Amino acid sequence: MRGLEELGRRLREAAREAPHLRTFTERCLNSMRWGGSATLMVIDAALTSTGLSYFTAVVPRVWAIKEELVDTGRLSSLSDLASADVDGLLRYWGHRRAWEVAKGVARALLSYPGPDDRSRLRAWASSSTLRAWRSDPVGSVKGVGLVTYQYLRMMGGVDTTMPDRVVVGFLRRLSEGLEVSVPGGGEEFVEFVEASSPALGMRPIEVTWLAWLVDSEGEKVLQGKYSRYLDLV
């Protein structure tokens with residue numbers, strides 16, 4: 001327990017370098033990223049799954065898609081995304097698999113109830129579970145791995161974490177020298193963060209965003225020419 005408490009202290013100390021942490025986490029939990037557009041949140045998750053730099057590659061591209069396709073009404077809904085022609089989307093992101101993932105997730109979410117797409121995303125997330133992710137309608141979409149699944153759950157309002165290399169590496173680095181065994185990823189990592197949250201004094205989703213803002217230099221990136229993204233991501 002002392003090890004976890006010390007890890008929590010180190011996390012809170014690291015949070016001083018991320019003044020936007022609360023804004024990012026609350027926006028995510030309220031499913032209000034990208035202005036509450038479920039279409040853009042799904043595209044964000046699909047493009048992020050390709051492994052490229054989030055703040056310098058994915059965010060600017062999703063912003064461009066927002067301006068050119070979503071804001072103009074050409075791709076403004078999950079239904080539009082589910083039926084979109086992949087060949088026509090490759091000019092915005094030249095990765096066919098990512099678009100197939102986005103289309104598959106959009107189709108899966110359309111089966112959930114709600115007055116709008118954001119509500120459908122939240123309805124799915126509230127019914128989703130970690131252990132059943134492989135058989136989940138979204139988790140079973142070809143190309144959706146555990147990291148993407150968890151990312152979508154977070155954007156759907158679930159207080160959890162994603163076991164990607166940035167978050168895992170961040171927590172392992174901070175736990176060096178402590179009697180704390182941080183799993184190397186997978187479901188075990190998610191369960192560890194969720195179970196340790198009370199002792200850490202930090203919500204799982206806060207641990208996730210803290211890692212991205214600090215270890216991926218998000219706070220530094222979202223300055224200067226990137227500052228216009230702050231109010232949406």
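Located above this text is the structure these notes cover.
### Focus on the overall build of the protein
Part 1 of the argument: Looking only at helices and strands, the protein has 13 helices and zero strands in total.
Part 2 of the argument: Reading the helices (α) and strands (β) of the protein from amino to carboxyl end gives α-α-α-α-α-α-α-α-α-α-α-α-α.
Part 3 of the argument: The dimensions of the protein, computed from C-alpha atoms along their principal axes, are 55 × 40 × 30 Å.
Part 4 of the argument: For the protein, the proportion of its 233 residues judged to be buried stands at 57%.
Part 5 of the argument: In the protein, 66% of the contacts between residues at least 6 apart in sequence involve partners at least 24 apart.
Part 6 of the argument: Entry remark: accessible area of the protein is about 10100 Å², with carbon and sulfur atoms responsible for 48%.
Part 7 of the argument: A distance of 2 Å separates the average location of the 30 positive side-chain charges in the protein from that of its 29 negative side-chain charges.

### Quick notes on the packing of aromatic side chains
Part 1 of the argument: Considering all chains together, one arrives at six aromatic pairs under this definition.
Part 2 of the argument: Plain terms: the ring middles of W63 and Y229 are 5.1 Å apart, the flat faces sit at 65° to each other, and that makes the pair edge-to-face. Here the residue W63 occupies a position in helix α4 (residues 54-70), and Y229 occupies one in the segment after α13 (218-221), the gap between them amounting to 166 residues. Exposure class is identical for W63 and Y229. Each is buried.
Part 3 of the argument: Relative to Y149, the ring of W133 has its centre 6.0 Å away and its plane inclined at 45°; by these criteria the two rings are tilted. In this pair, W133 sits in the loop between α8 (117-127) and α9 (146-155) while Y149 sits in helix α9, placing the two residues 16 residues apart along the sequence.

### Things to note about the packing of helix α2 (residues 21-29) against helix α12 (residues 204-214)
Part 1 of the argument: For the pair α2 and α12, the least separation of the axes is 9 Å and the interaxial angle reads 125°. Considering the angle they form, α2 stands oblique to α12. Crossing hand, α2 versus α12: right-handed. Contacts between α2 and α12 pair L21, F24, T25, C28 and L29 from the former with I205, E206, W209, L210 and L213 from the latter.

### So, the pattern of salt bridges
Part 1 of the argument: Taken as a whole and assessed by the stated rule, the structure comprises twelve salt bridges.
Part 2 of the argument: Note that D87 is salt-bridged to R96, the shortest N-O span being 2.5 Å.
Part 3 of the argument: Judged by relative accessible area, D87 falls into the partly exposed class, the value being 49%.
Part 4 of the argument: When salt bridges that share partners are traced, they join E6, R9, R10 and E13 into one network.

### Considering the side chain of T39
Part 1 of the argument: Examined against the element boundaries, T39 turns out to sit in helix α3 (residues 38-48).
Part 2 of the argument: Classification of T39 by relative accessible area gives buried; the value is 1%.
Part 3 of the argument: Apart from the residues within four sequence positions on either side, T39 is in contact with L75, S76, S77, L78, L81 and D117.

### Thoughts on helix α10 (residues 165-174)
Part 1 of the argument: Within α10 the residues assigned to the buried category are V166, V167, V168, F170, L171 and L174.
Part 2 of the argument: The elements touched by buried residues of α10 are α1 (2-14), α11 (186-200) and α12.

### Brief notes about the packing of α3 against helix α7 (residues 96-109)
Part 1 of the argument: Across the interface, α3 lies against α7 with an axial gap of 8 Å and an inter-helix angle of 140°. Considered as vectors, α3 and α7 are oriented oblique to each other. Handedness of the α3/α7 crossing: right-handed. Judged by residue contacts, V42, I43, A46 and L47 of α3 engage A98, W99, V101, A102, V105, A106 and L109 from α7.
Part 2 of the argument: Here the contact of α3 with α7 is composed, by residue class, of eleven nonpolar, no polar and no charged.

What counts and how
- Residues numbered from 1 in each chain as written.
- Predicted model: local features only at pLDDT ≥ 70, side-chain atom pairs only at ≥ 80, totals over all residues.
- Heavy atoms only, no water.
- Helix = DSSP H or I, 4+ residues; strand = E, 2+ residues; numbered from the N terminus.
- Buried < 20%, exposed > 50% of the residue type's maximum accessible area, 1.4 Å probe, protein only.
- Contact = heavy atoms within 4.5 Å.
- Areas by Shrake-Rupley, 256 points an atom, 1.4 Å probe, with all protein chains shown as cover.
- Lys, Arg positive; Asp, Glu negative; His and termini not counted.
- Charge placed at Lys NZ, Arg CZ, Asp CG, Glu CD.
- Phe/Tyr/Trp six-rings, centres within 6.5 Å; stacked < 30°, edge-to-face > 60°.
- Axes fitted to C-alpha atoms, helices over the stretch in contact; angles between N-to-C directions.
- Parallel < 35°, antiparallel > 145°, perpendicular 65-115°, else oblique.
- Left-handed = near helix turned anticlockwise from the far one by under 90°.
- Salt bridge = Lys/Arg side-chain N within 4 Å of Asp/Glu carboxyl O.
- Nonpolar A, V, L, I, M, F, W, Y, C, P; charged D, E, K, R; others polar.

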